[in-house]
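Survey of secondary and tertiary structure
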Amino acid sequence: MVEAEDITIELISFGHSFGVPQNIDLLYLVRHFPTTNVENYQQYDGRHKRIQNELLNFVEYEDIIKMITEQLSIFIHNQKKNSIKLAAGCEQGQHRSVAVIERLAELLEVTYNVEVNHRDLQRTRYDKKKQKERTQNRDKKYTNYDENN
C-alpha cells in the first residue's frame, strides 16, 4: 500500500486550443464553464485572487472540484501509483483551468506532495494568433463538412 505522503500529484493547467497534454492519468475540461466578470480580467490570470474569488464562487467550479477530489481519491486507492498526473483545460489555459488547479493544489497539498504546472500560462501573442488561425481553419473544415453531408 502506497502511503499518502509518498504520493506525488502533478497538477497541470492547459489551453485546449494548444493541444491536450500527453500521459495524463485524469483529464478534466472546464472550457465551457462561466468566465469571470472582473473588469480588465485579461491583465490577470487564474492565480490572481480576484479571478479565483469570482470563478470559484460559481457552482460549476465548486461541483467539479468536489468531483475531481472524489475521483482522485478512488483513483489513488485503485491504482496504487506513487506518481499521478491530473490535468484541467480551458480554451487558452489562462483563467479557468489555472484557478481550478490552484484550488486543487491548496486542498491536496495538505495530504500529498503536489507539483503545479501551468503549461500555457506564458504563451505569447504570436502563439495566440497562430492558435486563432488553427481554430478558424478547423471551423471552416467542419462547416464545409456539414454543408457537404
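The structure displayed is predicted, hence computed values, not measured ones. Numbers given to residues run from 1 along each chain, matching the order in which its sequence is written. In view of the model being predicted, local features appear only for residues whose pLDDT reaches at least 70, and side-chain atom pairs are presented and counted only at 80 or more, with totals across whole chains, interfaces and linings using the full set of residues. By convention in this description, side-chain values take in all heavy atoms of the structure and omit both hydrogens and water.

Observations concerning the packing of aromatic side chains
Ring pairs shown here join Phe, Tyr and Trp side chains whose ring centres sit within 6.5 Å, with only the six-membered ring taken for Trp; geometry is labelled stacked below 30 degrees between planes, edge-to-face above 60, and tilted in between. As enumerated under the stated definition, the model contains two aromatic pairs in all. Between the aromatic rings of phenylalanine 33 and tyrosine 61, the centroid separation amounts to 5.1 Å while the plane-to-plane angle is 85°, which identifies the pairing as edge-to-face. Residue phenylalanine 33 is found in the loop between β2 (26-29) and α1 (49-56), and its partner tyrosine 61 is found in helix α2 (residues 59-79); the two are separated by 28 residues along the sequence. Side by side, phenylalanine 33 and tyrosine 61 carry an identical accessibility label, which is buried. When the centroid spacing of 6.2 Å and the interplanar angle of 40° are considered together, the rings of phenylalanine 58 and tyrosine 61 count as tilted. Counting from the N terminus, the helices are DSSP H or I runs at least four residues long and the strands are E runs at least two residues long. Relative accessible area decides the class of each residue, using a 1.4 Å probe on protein chains only: under 20% of the type maximum gives buried, over 50% gives exposed, and in between gives partly exposed.

So, α1
Listing the buried residues of α1 in full gives Ile51, Gln52, Leu55 and Leu56. Buried residues of α1, seen end-on, are gathered within an arc of 105° and therefore sit on one face of the element. Buried residues in α1 make contact with α2 and α3 (96-108). Here the arc refers to the directions that run from the helix axis out to each C-beta atom. By the convention used here, residues are in contact when the closest approach between their heavy atoms is within 4.5 Å.

Comments concerning the packing of α1 against α3
For the pair α1 and α3, interaxial distance at closest approach is 10 Å and the crossing angle is 90°. In this view, α1 runs roughly perpendicular relative to α3, as classed from their interaxial angle. Along its contact with α1, which presents Lys49, Gln52, Leu55 and Leu56, the element α3 presents Arg96, Ala99, Glu102, Arg103 and Glu106. Tallied by class, residues from the contact of α1 with α3 come to three nonpolar, one polar and five charged. Only the stretch in contact is used when a helix axis is fitted, and all axes are lines through C-alpha atoms; the angle between N-to-C directions ranges over 0 to 180 degrees. Each angle receives one of four descriptions, namely roughly parallel if under 35 degrees, roughly antiparallel if over 145, roughly perpendicular if within 65 to 115, and oblique otherwise. Residues are grouped as follows: nonpolar covers Ala, Val, Leu, Ile, Met, Phe, Trp, Tyr, Cys and Pro; charged covers Asp, Glu, Lys and Arg; every other residue, Gly included, is treated as polar.

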